[in-house]
Amino acid sequence: MSRLRAEDVTLAYDGRVVTEGLSFDVPDGQVTVIVGPNACGKSTLLRALSRLLRPRHGTVILDGESIHRLATKDVAKLLGLLPQSPIAPDGILVGDLVARGRTPHQSLFQQWSAADEAAVRTALEATGTADLADRPVDELSGGQRQRVWIAMALAQETGLLLLDEPTTFLDITHQIEVLDLVAELNRRDGRTIVVVLHDLNMACRYAHHIVAMRDGRIVASGTPDDVITARTMREVFGLDCVVIPDPISGTPLVVPHSSNVRPSRAAVTTLATTRPTETEIISRDMPSKEDKWAFPLVLRLPNN
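As a starting point, this report considers the structure included with it. (Residues numbered from 1 in each chain as written. Predicted model: local features only at pLDDT ≥ 70, side-chain atom pairs only at ≥ 80, totals over all residues. Heavy atoms only, no water.)

## Some words on the overall build of the protein chain
So, point 1. A tally of helices and strands in the protein chain yields 10 helices and 14 strands.
So, point 2. With 304 residues in all, the protein chain has 49% of them scored as buried.
So, point 3. Residue pairs in contact within the protein chain that sit at least 24 positions apart in sequence constitute 63% of those at least 6 positions apart.
So, point 4. Carbon and sulfur atoms make up 49% of the accessible area of the protein chain, which amounts to about 15,100 Å² in all. (Helix = DSSP H or I, 4+ residues; strand = E, 2+ residues; numbered from the N terminus. Buried < 20%, exposed > 50% of the residue type's maximum accessible area, 1.4 Å probe, protein only. Contact = heavy atoms within 4.5 Å. Areas by Shrake-Rupley, 256 points an atom, 1.4 Å probe, with all protein chains shown as cover.)

Take a look at the structure:
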């Protein structure tokens, strides 16, 4: 049984119900990515798992106990959370921000210790931010800031880490930088990590387990190969696409259809040779090489 799970939870803000009767077990020791369209309940589920939102019905279980029966400080010693677009105090230095991750371990009778110092140093080194310790956070690039926020969460020394859209507003290089760090933390320390992402192809590259949500319910859950299929993409996103192997990782790669773009002859050939069992290509009056857009093409989407 997993350390963190939601049991038959109904989640709501005031009178608006976001999800009803949802159950979800977070796989231990894996990277789980939650995907889905805007306002489908991804971040709401993450807030419930982190104790920021109390379910109207049902419960969230952490290490065998209802998470809302645990003291806030005790939860913070077990579970770290990086919310969407966190804001650092003006002028705060990187080292001081990361040190705030040790707050759950402080008390009136237990102030800053050598163990706290070691935890901060380890977190900075793990995220490649040790050389930034004396710099103001607001002078850093987007990717550097995200690594610093993750360092703060690591300084809590928790086995569970929840990240809500950690790559939002980052360029592609910084997105990969942050997700490579997430993968490394999982590989090296066996941390259980849950991430909310919008990029399906990044989700497939980095996740062991994917949860696809729509309208407050879980539509599909499992490995990237099991979840990211053309059928599921239509059901979850209303998206017509073909799913092919990523040429780098071999994981599913979602290629959307567009009414404004016709597949080229090269695309037709590639699909016919790489996905013969999943994609039926029907072409009539094939054009000459000089008139590559002249022919009608129908890509019949796979049934799976």
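From this point, the discussion proceeds with the structure in view.
## Topic: the pairing of strand β12 (residues 252-256)
Consecutive side chains of a regular strand alternate in pointing toward one face of the sheet and then the other.
So, point 1. Where strand β11 (residues 241-245) and β12 come together, 5 bridges link them in antiparallel fashion. From the neighbouring strand, V243 faces β12, where its bridge partner is V254.
So, point 2. Here β11 folds back onto β12, and the loop between the two strands holds 6 residues, one of which, G250, carries a positive phi near 80°. (Pairing = 2+ DSSP bridges.)

## As for the sheet that holds strand β2 (residues 16-25)
So, point 1. Here 4 strands make up an open sheet; going across it, the order is β2-β1-β4-β5 and the pairing antiparallel. Edge positions in the sheet fall to β2 and β5 (65-66), since each has one partner strand and no second.
So, point 2. Across 2 bridges, the pairing between strand β4 (residues 57-62) and β5 is antiparallel. When the sheet's bridge partners are listed, I61 is paired in β5 with S66.
So, point 3. Across the sheet, helix α1 (residues 42-49) touches β1 (4-13), β2 and β4, and the angle it forms with β1 is around 120°. (Axes fitted to C-alpha atoms, helices over the stretch in contact; angles between N-to-C directions.)

## Here's the deal with the side chain of S43
So, point 1. Inspection of the secondary structure puts S43 in helix α1.
So, point 2. Apart from the residues lying within four places of it in its own chain, the contact partners of S43 are Q84, D164 and E165.

## A few points about the nonpolar core
So, point 1. V33, V94, L97, V98, L185, I193 and I210 are the most contacted members of the largest nonpolar core, which has 55 residues in total.
So, point 2. Formed by 26 residues, the second largest nonpolar core is a distinct cluster that contains A6, I34, V194 and V196. (Core = buried A, V, L, I, M, F, W, Y, C linked by side-chain atoms within 4.5 Å.)

## What about the sheet that holds strand β3 (residues 31-35)?
So, point 1. Read from one edge of the open sheet, 6 strands run β6-β7-β8-β3-β9-β10, paired in mixed fashion. Lying at the two open borders of the sheet, with one neighbouring strand each, are β6 (79-82) and β10 (217-222). Each strand axis lies, on average, 15° off the axis of its neighbour in the sheet, ignoring direction.
So, point 2. With 5 bridges connecting them, strand β9 (residues 209-214) and β10 associate as antiparallel partners. From the neighbouring strand, V211 faces β10, where its bridge partner is S221.
So, point 3. In the packing of helix α6 (residues 172-189) onto the sheet, contacts are made with β3, β7 (160-164) and β8 (192-196), and the angle to β8 comes to roughly 160°.

## With respect to the packing of helix α5 (residues 142-155) against α6
Axes are the key here: two packed helices are described by the angle between their axes and the distance separating the axes.
So, point 1. Running from N to C, α5 and α6 point in directions that differ by 20°, and their axes come no closer than 9 Å. Taken together, α5 and α6 sit at an angle that is classed as roughly parallel. For the crossing formed where α5 meets α6, the hand is right-handed. Where α5 approaches α6, its residues G143, Q144, Q146, R147, I150 and L154 are matched on the opposing element by H174, E177, V178, L181 and L185.
So, point 2. Grouping the amino acids of the contact of α5 with α6 by side-chain chemistry returns 5 nonpolar, 4 polar and 2 charged. (Parallel < 35°, antiparallel > 145°, perpendicular 65-115°, else oblique. Left-handed = near helix turned anticlockwise from the far one by under 90°. Nonpolar A, V, L, I, M, F, W, Y, C, P; charged D, E, K, R; others polar.)

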